[in-house]
Amino acid sequence: MDEDLVVALRLQEEWDARAAQRAAAREQPSLVDASWELADPTPDLQALFVQFNDRFFWGRLEAVEVKWSVRMTLCAGICSYEGRGGMCSIRLSEPLLKLRPRKDLVEVYHTFHDEVDEYRRHWWRCNGPCQHRQPYYGYVRRATNRAPSAHDFWWAEHQRTCGGTYIKIKEPENYPKKGRGKAKPSRQPASAAEAAGTTKAPL
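Predicted model, so just to flag it, every value in this text is computed and none were measured.

Novice: Outline the overall build of the protein, listing residues and values.
Specialist: Helix and strand content of the protein: 8 helices and 6 strands. Counting only residues that meet the buried cut, the protein has 21% of its 203 residues in that class. Across the protein, the fraction of contacts at a sequence separation of at least 24, relative to all contacts at a separation of at least 6, is 45%. Accessible area of the protein: about 16,100 Å², with a carbon and sulfur share of 55%.

Novice: Give a description of the sheet that holds strand 6 (residues 166–170) that names residues and reports values.
Specialist: Strands in a sheet are paired, the pairing made by backbone hydrogen bonds, and the direction either parallel or antiparallel. Strand order in this open sheet of 3 strands is 5-4-6, and the pairing throughout is antiparallel. At either margin of the open sheet sits one strand with a lone partner, and together these are strand 5 (139–142) and strand 6. Neighbour to neighbour, the strand axes of the sheet diverge by 30° on average, direction disregarded. One ladder, built from 4 bridges, connects strand 4 (residues 122–126) with strand 6; its direction is antiparallel.

Novice: Outline a nonpolar patch on the surface, supporting the account with residue identities and numerical values.
Specialist: Together, Tyr137, Tyr139, Ile167 and Ile169 make up a nonpolar patch on the protein surface, roughly 350 Å² of accessible area in all. For Tyr137, the position within the fold is in the loop between strand 4 and strand 5.

Novice: Talk me through the environment of Lys168; I want residue IDs and the actual numbers.
Specialist: Looking at the element boundaries, Lys168 is found in strand 6. For Lys168, a relative accessible area of 28% translates into the label partly exposed. Measuring from C-alpha to C-alpha, the distance between Lys168 and Arg125 comes to 6.5 Å, with 43 residues separating the pair along the chain. Among the polar contacts listed, one links the side chain of Lys168 to the side chain of His122, at a separation of 2.8 Å. Within polar-contact distance, the side chain of Lys168 engages the side chain of Glu171 at 3.2 Å.

Novice: Tell me what's going on with the confidence of the model for the protein, and back it up with residues and numbers.
Specialist: On average, residues of the protein score 78 in pLDDT, and 81% of them reach the 70 mark or higher. Averaged pLDDT values over the elements of the protein bottom out at 43 in helix 8 (residues 192–195) and peak at 93 in helix 7 (residues 155–161). Considering only residues more than four positions removed or in separate chains, one finds that residues 179–203, a stretch of pLDDT under 50, has 5 contacts.

Novice: Give me the lowdown on the side chain of Arg142, citing residues and values where you can.
Specialist: Of note, Arg142 is situated in strand 5. At a separation of 2.6 Å, a polar atom in the side chain of Arg142 contacts the main-chain carbonyl oxygen of Arg146. Beyond its immediate chain neighbours, meaning those up to four positions away, Arg142 contacts Tyr119, Arg120, Arg121, His122, Trp124, Ala147, Pro148, Asp152 and Trp154.

Conventions used here
Residues numbered from 1 in each chain as written. Predicted model: local features only at pLDDT ≥ 70, side-chain atom pairs only at ≥ 80, totals over all residues. Heavy atoms only, no water. Helix = DSSP H or I, 4+ residues; strand = E, 2+ residues; numbered from the N terminus. Buried < 20%, exposed > 50% of the residue type's maximum accessible area, 1.4 Å probe, protein only. Contact = heavy atoms within 4.5 Å. Areas by Shrake-Rupley, 256 points an atom, 1.4 Å probe, with all protein chains shown as cover. Pairing = 2+ DSSP bridges. Axes fitted to C-alpha atoms, helices over the stretch in contact; angles between N-to-C directions. Patch = residues over 30% accessible without salt bridge, like charges linked within 9 Å, V, L, I, M, F, W, Y side chains within 5 Å. Salt bridge = Lys/Arg side-chain N within 4 Å of Asp/Glu carboxyl O. Polar contact = N/O pair within 3.5 Å; in protein donor to acceptor, adjacent residues only side chain to side chain. pLDDT = per-residue confidence, 0-100.

Shown next, in the form of structure tokens:
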């Protein structure tokens, strides 16, 4: 074989090997690859959803809306539909997911029991007989400052079987009370005539 041909073939093999290495380096890692935690630890939610739509759903989820919910604290996210062919909306819990590792946004299954419990900082306890019954022992814990009332689906049964009153026993530190620090200044009368209840007739 010609010496020039041997050198050319060797150079071509080296070129092909380097090209394959460059192509492998350009390939994006898996969406749950550990390298993303350093490169992009808090991804843009919309951009991530577009990637998922292209990679796993072949562009069929373009009509789906994805957004953060700042008030959702009892679950990591919900999906709601508006009838056949209607709008689909996915809302993800900002408090539960925003500071979690990136992989928690892309994995299928999570347990958030500890995180959800952390947000339940308003506690009430019933002073009736249900405080001695399992499983709740009269406690109601909520993320929002909303006392148990007739708006709860279980309220009527509680009134019928227990009849006790819920008393707030715990709230977050430095939580503002209603009306605290909002005293309205009393209105001073403009003149002695107003104070006496008389008014001057115009001339």
